[in-house]
Amino acid sequence: MIIDTIENLGKYTTLNPLFADVVEFLKNNDLHTMEEGKCTIKGNDLFVNVQVAKQRTTDTAIIETHINMIDVQIPITCAETFGYSPLCDLPEFEYNAEKDITKYGDTKPQTYVTINPGQFVIFFPQDGHAPCIIEKSEIKKAIFKVKA
């Protein structure tokens, strides 16, 4: 997991060649004015989902992991808290290959981190994360899905 400001995202392009395309997309597009939905950047290897998600709490947020994709998550309208647990500490649960997701039921995260608009968090396949823990009723956010 990596947390930083959007201005520093370019410092991480050596970790995955598609991160440079995320940086370029952010230079040329305003997430605040983008409509909800999926925007393909490089086929199935890189796309962004802009969504308005409903509030979750530490009690209702569910930990998830992905095998094939890395998440670069950017809150747009308010601060967002994420639960976090490393994959190696999570119990076995069924993987949905079609949606590239494992959901971990009632498993509670080991810790929580909060990021603000203007910041991002990167979740790699080894990072269990429980998103959308917010104080408001909903959040507009961008989730870049990057081929791992």
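As a reminder, the structure under discussion sits directly above these lines.
About the thresholds
- Residues numbered from 1 in each chain as written.
- Predicted model: local features only at pLDDT ≥ 70, side-chain atom pairs only at ≥ 80, totals over all residues.
- Heavy atoms only, no water.
- Phe/Tyr/Trp six-rings, centres within 6.5 Å; stacked < 30°, edge-to-face > 60°.
- Helix = DSSP H or I, 4+ residues; strand = E, 2+ residues; numbered from the N terminus.
- Buried < 20%, exposed > 50% of the residue type's maximum accessible area, 1.4 Å probe, protein only.
- Contact = heavy atoms within 4.5 Å.
- Polar contact = N/O pair within 3.5 Å; in protein donor to acceptor, adjacent residues only side chain to side chain.
- Pairing = 2+ DSSP bridges.
- Axes fitted to C-alpha atoms, helices over the stretch in contact; angles between N-to-C directions.
- Salt bridge = Lys/Arg side-chain N within 4 Å of Asp/Glu carboxyl O.
- Arc of directions from axis to C-beta.

Undergrad: What is the right way to look at the packing of aromatic side chains in this model?
TA: We describe a pair of aromatic rings using the distance from one ring centre to the other and the angle between the two ring planes. Following the criterion strictly, the structure yields 5 aromatic pairs and no others. Both rings, one in phenylalanine 19 and one in phenylalanine 124, keep their centres 6.5 Å apart while their planes meet at 55°; by these two values the pair is tilted. Placement of phenylalanine 19 in helix α1 (residues 19-28) and of phenylalanine 124 in the loop between β10 (119-123) and β11 (127-133) is noted, with a sequence separation of 105 residues between them. For phenylalanine 19, a relative accessible area of 1% translates into the label buried. Owing to a relative accessible area of 15%, phenylalanine 124 belongs among the buried residues under this scheme. Consider the rings of phenylalanine 93 and tyrosine 104, whose centres lie 5.6 Å apart with planes at 65°: the pair is edge-to-face.

Undergrad: What is the right way to look at the environment of asparagine 16 in this model?
TA: Within the secondary structure layout, asparagine 16 lies in the loop between β1 (2-5) and α1. In this structure, the C-alpha to C-alpha distance between asparagine 16 and asparagine 29, residues 13 residues apart in sequence, is 21 Å. Filtering out sequence-adjacent residues up to four positions away, asparagine 16 remains in contact with Ile70, Val146, Lys147 and Ala148. Within polar-contact distance, the side chain of asparagine 16 engages the backbone nitrogen of leucine 18 at 2.8 Å.

Undergrad: Before we go on, may I ask you to explain the sheet that holds β10 in this structure?
TA: The strands that make up a sheet pair up through hydrogen bonds in the backbone, lying either parallel or antiparallel. Spatial ordering of the open sheet is given by β1-β10-β5-β12-β3-β2, a layout of 6 strands whose pairing is antiparallel. The two strands at the open ends of the sheet, each matched to only one other strand, are β1 and β2 (37-42). Neighbour to neighbour, the strand axes of the sheet diverge by 20° on average, direction disregarded. Pairing of β2 with strand β3 (residues 46-54), which is carried by 5 bridges, proceeds in the antiparallel orientation. In the sheet register, lysine 38 faces β3, and the bridge partner there is asparagine 49. Running over the sheet, α1 touches β2, β3, β5 (69-75), β10 and β12 (138-147) and is turned about 140° from β12.

Undergrad: Looking at this structure, I do not really get the pattern of salt bridges. What am I missing?
TA: Oppositely charged side chains can pair when the atoms bearing their charge come close. Inspection of every chain in the model, using the stated rule, returns 4 salt bridges. When the shortest N-O distance is used, the salt bridge between aspartate 21 and lysine 42 registers 3.4 Å. Taken together, the residues span a long stretch of sequence, with aspartate 21 in helix α1 and lysine 42 in strand β2 at a distance of 21 residues. What makes lysine 42 partly exposed here is its relative accessible area of 44%. In this structure, glutamate 80 engages lysine 141 in a salt bridge whose closest nitrogen and oxygen atoms are separated by 2.6 Å. Residue glutamate 80 is found in strand β6 (residues 80-86), and its partner lysine 141 is found in strand β12; the two are separated by 61 residues along the sequence. We note that glutamate 80, like lysine 141, is buried.

Undergrad: I would appreciate a short explanation of α1 in the present structure.
TA: Think of an α-helix as 3.6 residues a turn; residues three or four steps apart then line up on the same face. Of all the residues in α1, the buried ones are Phe19, Val22, Val23, Phe25 and Leu26. Down the axis of α1, the sector holding all buried residues measures 160°, keeping them to one side. Relative to its buried face, α1 has exposed residues pointing more than 90 degrees away, namely Lys27 and Asn28. Where α1 is buried, its residues meet β2, β3, β5, β10 and β12.

In short, the description is geometric, and any link to function would need to be established separately.
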